[in-house]
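# Coordinate analysis (summary)
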Amino acid sequence: MDIQKLVKPNIRSLRAYHAEEIPCKVKLDANESPYSAISNQRSAISLEKNLQTLNRYPDPQATALRKLMAKELKVKPGNILHGNGSDELIYYMITTFGGSVMYPVPTFSMYGIISQALDEKKIEIPLDKDFDIDTEKTITAIKKYRPKLIFLSSPNNPTGNCFSSERILRIIKATSFSKQHKGDSRIAPTSSLVVVDEAYQSFSNEKSFLPLLDKYRNLIVLRTLSKIGLAGLRLGFLIANEEIINEVNKVRLPFNVNSLSQAVAVEALKNKKQMRSYLTSIISERKRLFREMEKIDGITPYPSDANFILFRAADAVRVYKRLLAKGVLIRDLTGVIENCLRVTVGTPGENTVFLRTLKQLI
Ligand SMILES: *Cc1c(COP(=O)(O)O)cnc(C)c1O
């Protein structure tokens, strides 16, 4: 029998996401933190307690975790939905609202991959020459395609910059539900939900969009613990008004976040001092990396608000391969942006190895 014939056409043409494990000495390819954001002692205590109750299902509401996160983000627990990574929450949103799904490109690949997996139409709008949102093109496309969801990763992965807040705001306003009159349940024809994906917010000086949630009912903010030292836990958060949370919560699998992840995250969030000092170090190392890369002939780094730096290099594939041959793994983005590579900020030692190796081979 031909299995291929049984597979839905949209899945048949999809390729599995390959996050391949390439052996290397210095791993700077996946925008992870070089530091685990929890001390051994704290995690040991909370893990041991939770190992005794692994026969039980986890708390489906992640009550303690959502309460802590709500305090941290200055929202109510009812405004937070927990996901097995924010990837899962992207999946849930597209499942709940459907398409079209619009996003600027280049950006985080999961918006497109999940849209295709769920057989929803994708509308991709190229960023302008400064990697910012092309507002005119976006607004025109919104009117034409009336997307249900618009994903804006700011800071953007893989370009590293924040989009201009005014441009994001223009899109939120252009798609916000019109004021409803009493007895009039119609929705404006240009209604869309705008998801501001703040996966890298902790590394940025730009303001979060969280304080605008009260003002714009079509705004959704995404956060994750993955880039700040807990990628292995798989924990993401969707923050929005309660009506949106309640709808998306219908498609959430009941036990999507396991009990060990919940417990360890609670411990980590109780002690943010360590996490903050790691963030400070990563931001100052990003500045050093950028300064040093600017000095290398043949390399053009782009300014970054995130924990990685995009850079252009003549013959980038060769640079990527020769770095890897020396044990330094970064991300080859030449298929996405011509001659571009992306390096994650590591420990000071790792960054020095990267810089030294790069200088040697250019
Ligand atoms: C890494 C990343 C995510 C995924 O985060 P998880 O919580 O690990 O699933 C989401 N959005 C952007 C822009 C990212 O770069």
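Residues numbered from 1 in each chain as written. Predicted model: local features only at pLDDT ≥ 70, side-chain atom pairs only at ≥ 80, totals over all residues. Heavy atoms only, no water.

## Topic: the packing of aromatic side chains
- For the structure on display, the rule yields 8 aromatic pairs.
- Relative to Tyr111, the ring of Tyr103 has its centre 6.0 Å away and its plane inclined at 50°; by these criteria the two rings are tilted.
- The structure contains a cluster of three or more aromatic residues connected by ring pairs, namely Tyr103, Phe108, Tyr111 and Phe151.
- A cation over an aromatic ring shows up here: Arg342 above the ring of Phe308, its NZ or CZ 5.5 Å from the ring centre. (Phe/Tyr/Trp six-rings, centres within 6.5 Å; stacked < 30°, edge-to-face > 60°. Lys NZ or Arg CZ within 6 Å of the ring centre and 35° of its normal.)

## Details of the packing of helix H7 (residues 135–145) against helix H8 (residues 165–175)
- For the pair H7 and H8, the least separation of the axes is 11 Å and the interaxial angle reads 15°. Taken together, the axes of H7 and H8 are roughly parallel relative to one another. The hand of the H7/H8 crossing is right-handed. Taking contact as the criterion, the partners of Thr135, Glu136, Thr138, Ile139 and Ile142 in H7 are, on H8, Arg167, Arg170, Ile171, Ala174 and Thr175.
- For the contact of H7 with H8, the per-class residue count stands at 4 nonpolar, 3 polar and 3 charged. (Axes fitted to C-alpha atoms, helices over the stretch in contact; angles between N-to-C directions. Helix = DSSP H or I, 4+ residues; strand = E, 2+ residues; numbered from the N terminus. Parallel < 35°, antiparallel > 145°, perpendicular 65-115°, else oblique. Left-handed = near helix turned anticlockwise from the far one by under 90°. Contact = heavy atoms within 4.5 Å. Nonpolar A, V, L, I, M, F, W, Y, C, P; charged D, E, K, R; others polar.)

## Quick notes on the sheet that holds strand S7 (residues 219–224)
- Spatially, the 7 strands line up as an open sheet ordered S2-S8-S7-S6-S5-S3-S4, and their pairing is mixed. Each edge of the open sheet is held by one strand with a lone partner, namely strand S2 (80–83) and strand S4 (122–126). Sheet twist, expressed as the average angle between the axes of neighbouring strands with direction ignored, equals 25°.
- As paired elements, strand S3 (residues 101–105) and strand S5 (residues 149–153) share 2 bridges and run parallel to each other. Within the sheet, the bridge partner assigned to Met102 lies in S5 and is Ile150.
- Of the strands in this sheet, S2, strand S6 (193–197), S7 and strand S8 (236–239) touch helix H9 (residues 242–249), which is tilted by about 30° from S2. (Pairing = 2+ DSSP bridges.)

## Looking at the site of the ligand
- Around the ligand, the surrounding shell holds 13 residues, and the nearest of these are Ser86, Asp197, Thr224, Ser226 and Lys227.
- Here Ser226 contributes a side-chain N or O atom positioned 2.6 Å from an oxygen atom of the ligand.
- One nitrogen or oxygen atom from the side chain of Lys227 is found 3.0 Å from an oxygen atom belonging to the ligand.
- Expressed as a share of its isolated accessible area of 390 Å², the protein-covered part of the ligand is 94%.
- Partitioned by chemical class, the residues of the shell around the ligand number 3 nonpolar, 6 polar and 4 charged. (Near = heavy atom within 4 Å. Polar contact = N/O pair within 3.5 Å; in protein donor to acceptor, adjacent residues only side chain to side chain. Areas by Shrake-Rupley, 256 points an atom, 1.4 Å probe, with all protein chains shown as cover.)

## Some points on the nonpolar core
- Ranked by internal contacts, the top residues of the largest apolar core, which has 81 residues, are Met293, Phe311, Ile330 and Phe354.
- Take this core: its biggest share by element is 6 residues, from helix H11 (residues 272–294).
- No fewer than three residues from each of domain 1 (3–30 + 273–361) and domain 2 (55–270) sit in this core.
- Setting aside its immediate chain neighbours within four residues, Phe311 contacts Met293, Ile299, Thr300, Pro301, Tyr302, Ile330, Asn339, Cys340, Leu341, Arg342, Val343 and Phe354.
- Listed in part, the 23 residues of the second largest apolar core include Ile90, Val101, Ala240 and Ile244. (Core = buried A, V, L, I, M, F, W, Y, C linked by side-chain atoms within 4.5 Å. Buried < 20%, exposed > 50% of the residue type's maximum accessible area, 1.4 Å probe, protein only. Domains from an automatic or database assignment.)

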